[in-house]
Amino acid sequence: RMLKRQMQCRLDIDRLNAAFLAIYESLVPPEEETAKQKQFFMLLEKLVSKEWPEARLYLYGSCANSFGVSKSDIDVCLTIEDAEIKKSEVLLKLADILQADNLQNVQALTRARVPIVKLMDPVTGISCDICLNNVLAVVNTKLLRDYAQIDVRLRQLAFVVKHWAKSRGVNATYQGTLSSYAYVLMCIHFLQQRRPAILPCLQEMGTTYSAIVDDIRCAYFDQVEKLRGFGSRNKETIAQLVWAFFNYWAYRHDYANGVISVRTGSIISKREKDWTRRIGNDRHLICIEDPFEISHDLGRVVDKFSIKVLREEFERAADIMQYDPNPCVTLFEPY
Ligand code: CTP
Ligand code: MG
C-alpha cells in the first residue's frame, strides 16, 4: 500500500510539473512576434539616425532580457552623447519625427519621473516607450539575459512568478507593489541560494565584461555559454521551485533585517546598507538591492499598506502550493 501511495505522489508531482511547463510554454512569445519587434526596431533606428547620425538605439526590458511574455510592449533607449542636449527638447523632436512617419498615439511625456515618448506602430500593433540615455537599464537587461542562459529553470520560474503577480494585481509600482524587474531579481537570488546552487553569482566571478555607466562600474563574468550545466547537480523541478519560492517569501524571509542581493549572491543586512529606517519616501519594508545601482532598493515603493497585501499574497500562494489539489488554476485566479 505504501508503494502505491508513493507512486501516486510521483504521478501528482509529474502532473503538476507538466501543468507549470504548459503555462510557461503558452507565455513564451512565438518566433514571428520577436521577428516583428526586430523589424519595427530597425524602422525606429532608420528614423532616428536621419536626425541624429551619432545616436544609438537599444532594446531593454522584457523584450531584450528574455523574460518577456507574448504581446508585451517594447522598451527602447536612445543614447546621445552630447552633454549639451536638453532632454525634453530631444524627446519633443523625436515625437515630431515619429508622428511625421505615421506612427500612432505619439506622446512625449517630458515631465514623468523617467521622461519618455510613447507610440504605437499601426502596421505591427506594437506599442513602445522610448527613453533617453538610460544606459544602466540597458546593462542590467544584459545581466538578466545572461543569467537566463545558464539554466532554463530561471526563465520558467520567472514566467510563473510574473504571471502570478499580474493575475493577483501585485505588479504595479504606482500601487506600492513590485516591478517585473524586481520579481526577476528575486528569482535569480532564490536560485543562487538553492543547495546545490542552480545559478552562480556572476558579479563575484572573474570579470569578462565591464562598463562604466553614470560613474558606476558594472562588471561581471558574461561568458555564460561556459556555465551551461552549472546547476545540473540540483534536480529540483519547476513545481518544487515554485513551492519553495513562495514558501520563502511567505514564511522564511527575514523582513526586519534582510536585504536580498544578486550582486553578492547572498543575503546582506539592512544595517550594513543603512536601510533600517525610513528616509524620505524610502521605507525599506522589503529590500531588494539593485545589482549595479547598489544604493537603490527596488522595494522602496512598498508602503505599510502594500507590504501587507504583498505578504498576504505570498502566503496565499504558499498555502495553495502546499494544500490545493489544483494549484495551477487557483494560483492565478484573478483577485
Ligand atoms: N528598470 C530599472 N530599474 C527599475 C525598474 C526597471 O533599471 N527600478 C529597467 C530594467 O532594465 C528593466 C526595465 O527597466 O528590465 C523594464 O522594467 P519593467 O517594466 O519592470 O520590466 P519588464 O521586464 O519590461 O517587464 P514587463 O514584461 O512587465 O514589461
Ligand atoms: Mg516593460
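Residues numbered from 1 in each chain as written. Chains lettered and ligands numbered in written order. Predicted model: local features only at pLDDT ≥ 70, side-chain atom pairs only at ≥ 80, totals over all residues. Heavy atoms only, no water.

**Considerations on the overall build of the protein chain**
When helices and strands are tallied, the protein chain shows ten helices and ten strands. Relative to the globule expectation of 20 Å for 335 residues, the C-alpha radius of gyration of the protein chain, 21 Å, shows essentially globular dimensions. In terms of overall dimensions, the protein chain has C-alpha extents of about 75 × 45 × 45 Å along its principal axes. Taken across its 335 residues, the protein chain has 49% of its residues classed as buried. (Helix = DSSP H or I, 4+ residues; strand = E, 2+ residues; numbered from the N terminus. Rg over C-alpha atoms; globule rule 2.2 N^0.38 Å. Buried < 20%, exposed > 50% of the residue type's maximum accessible area, 1.4 Å probe, protein only.)

**Examining the domain arrangement of the protein chain**
Taken domain by domain, the protein chain consists of domain 1 (31-136) and domain 2 (150-330). For domain 1 and domain 2, the distance between their C-alpha centroids amounts to 28 Å. Taken together, the contact pairs eight residues of domain 1 with 13 residues of domain 2. Together domain 1 and domain 2 conceal approximately 850 Å² of surface at their shared face, both sides included; 73% is due to carbon and sulfur atoms. The three residues of domain 1 that bury the most area against domain 2 are Phe67, Val69 and Leu136, which together make up 72% of that side's buried surface. Our count for the domain 1 to domain 2 interface comes out at zero salt bridges. Scanning the region where domain 1 abuts domain 2 turns up two residue pairs in polar contact (both at pLDDT 80 or more). Grouping the amino acids of the side of domain 1 that touches domain 2 by side-chain chemistry returns four nonpolar, three polar and one charged. (Domains from an automatic or database assignment. Contact = heavy atoms within 4.5 Å. Buried area = accessible area lost by both parts, 1.4 Å probe. Salt bridge = Lys/Arg side-chain N within 4 Å of Asp/Glu carboxyl O. Polar contact = N/O pair within 3.5 Å; in protein donor to acceptor, adjacent residues only side chain to side chain. Nonpolar A, V, L, I, M, F, W, Y, C, P; charged D, E, K, R; others polar.)

**Overview of the packing of helix 6 (residues 180-193) against helix 7 (residues 238-252)**
Axes are the key here: two packed helices are described by the angle between their axes and the distance separating the axes. Packing of helix 6 against helix 7 brings their axes to within 11 Å, and their N-to-C directions diverge by 105°. Judged by the angle between their axes, helix 6 and helix 7 are roughly perpendicular. Contacts between helix 6 and helix 7 involve Met186, Cys187, Phe190 and Leu191 from the first element and Leu241, Ala244, Phe245, Tyr248 and Trp249 from the second. (Axes fitted to C-alpha atoms, helices over the stretch in contact; angles between N-to-C directions. Parallel < 35°, antiparallel > 145°, perpendicular 65-115°, else oblique.)

**Overview of the site of ligand 1**
Taken together, the neighbourhood of ligand 1 is formed by 15 residues, with Ser62, Asn140, Lys162, Lys166 and Ser180 sitting nearest. Contacts to ligand 1 include asparagine 140, whose side-chain N or O atom sits 2.5 Å from an oxygen atom. Measuring from an oxygen atom of ligand 1, one finds a side-chain N or O atom of threonine 141 at 3.4 Å. Against a free-state accessible area of 580 Å², the protein chains account for coverage of 75% of ligand 1. Put simply, the parts of the chain that give the shell around ligand 1 at least two residues each are helix 4 (135-148), helix 5 (152-167) and helix 6. Looking at which element gives the most residues to the shell around ligand 1, the answer is helix 4, with three residues. The class makeup of the residues in the shell around ligand 1 is four nonpolar, eight polar and three charged. Residue assignment places the shell around ligand 1 across two domains, with domain 1 (31-136) and domain 2 (150-330) each supplying three or more. (Near = heavy atom within 4 Å. Areas by Shrake-Rupley, 256 points an atom, 1.4 Å probe, with all protein chains shown as cover.)

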